[in-house]
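# Inside the fold
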Amino acid sequence: MDALDRRILRAIQEDSSQSAEKLADICNTSPSTILRRLSQLRKDKVIQGEVALLDAAALGRPLMMIIRVGLTGENKIEAQKFIDDIAKEPGVVQFYFVTGQSDYIMIYNARTMEEYDDFIQNRILSNSFVATANSNVVIRAIKSGFAIPIDEPDNS
């Protein structure tokens, strides 16, 4: 990956809907070069996908919870069932296997506290292999995004 690829990646992290012409202006190259480079970055899986960021509140899901879950043991079958079940939940928008006091952390968007309570009671706490579940309600997002810092290569 060279300096042009990094400029392209920075630009599309700001707004991936920009035209090749606009990106070419930003990156000081031609639209055909932009299209070729984007195609290669997608092929190489550097660009893993492109999505629209939506306003959850405008879509009737104003509540965001951060939920930490610990399992009772190291049973791989139980852990995989938990992963499969939770990954299917439409309100779970992010789901991570982590180190530390919890085994998993998820971000859950809900329409109401009742919907959230139903999720916790009937999807999380009802699992016999869940040992702990702790939640935080997000009051206000301070910073939210998915942009990855794109550093210049270390030439030392």
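Since this is a predicted model, take the numbers as computed values, not measurements.

Rules and cut-offs
- Residues numbered from 1 in each chain as written.
- Predicted model: local features only at pLDDT ≥ 70, side-chain atom pairs only at ≥ 80, totals over all residues.
- Heavy atoms only, no water.
- Helix = DSSP H or I, 4+ residues; strand = E, 2+ residues; numbered from the N terminus.
- Expected span 1.5 Å × (residues − 1).
- Buried < 20%, exposed > 50% of the residue type's maximum accessible area, 1.4 Å probe, protein only.
- Contact = heavy atoms within 4.5 Å.
- Polar contact = N/O pair within 3.5 Å; in protein donor to acceptor, adjacent residues only side chain to side chain.
- Core = buried A, V, L, I, M, F, W, Y, C linked by side-chain atoms within 4.5 Å.

### A few points about helix H1 (residues 3-14)
In this model H1 runs 17 Å from its N-terminal to its C-terminal C-alpha over 12 residues, within 8% of the 16 Å that 1.5 Å per residue would give. Burial in H1 covers these residues: Leu-4, Asp-5, Arg-6, Ile-8, Leu-9, Ala-11 and Ile-12. If you follow the buried residues of H1, they end up packed against helix H2 (20-27) and helix H3 (31-43). N-capping of H1 is provided by Asp-2, with a side-chain oxygen placed 3.2 Å from the backbone N of Leu-4.

### Points about the nonpolar core
With 18 residues, the main nonpolar core has Ile-67, Phe-82, Met-106, Phe-119 and Ile-124 as its most contacted residues. For this core, the secondary structure elements donating two or more residues are strand S1 (63-71), helix H4 (76-87), strand S3 (104-110) and helix H5 (113-124). When near neighbours in sequence (up to four residues on either side) are disregarded, Met-106 contacts Met-65, Ile-66, Ile-67, Val-69, Phe-82, Ile-86, Val-92, Gln-94, Phe-95, Phe-119 and Ile-124. If you look at the next biggest cluster of nonpolar residues, it comprises 14 residues, including Leu-4, Leu-9, Ala-11 and Ala-24.

### Regarding unusual backbone geometry
Its identity as a non-glycine residue notwithstanding, Asn-28 has a phi of 60 degrees, on the positive side. Relative to the helices and strands, Asn-28 is located in the loop between H2 and H3. Despite not being glycine, Lys-45 has its phi angle at roughly 65 degrees, a positive value. Tracing the backbone shows Lys-45 in the loop between H3 and S1. Residue Lys-45 is classed as exposed on the basis of its relative accessible area, which comes to 59%.

By themselves these figures say nothing about function.
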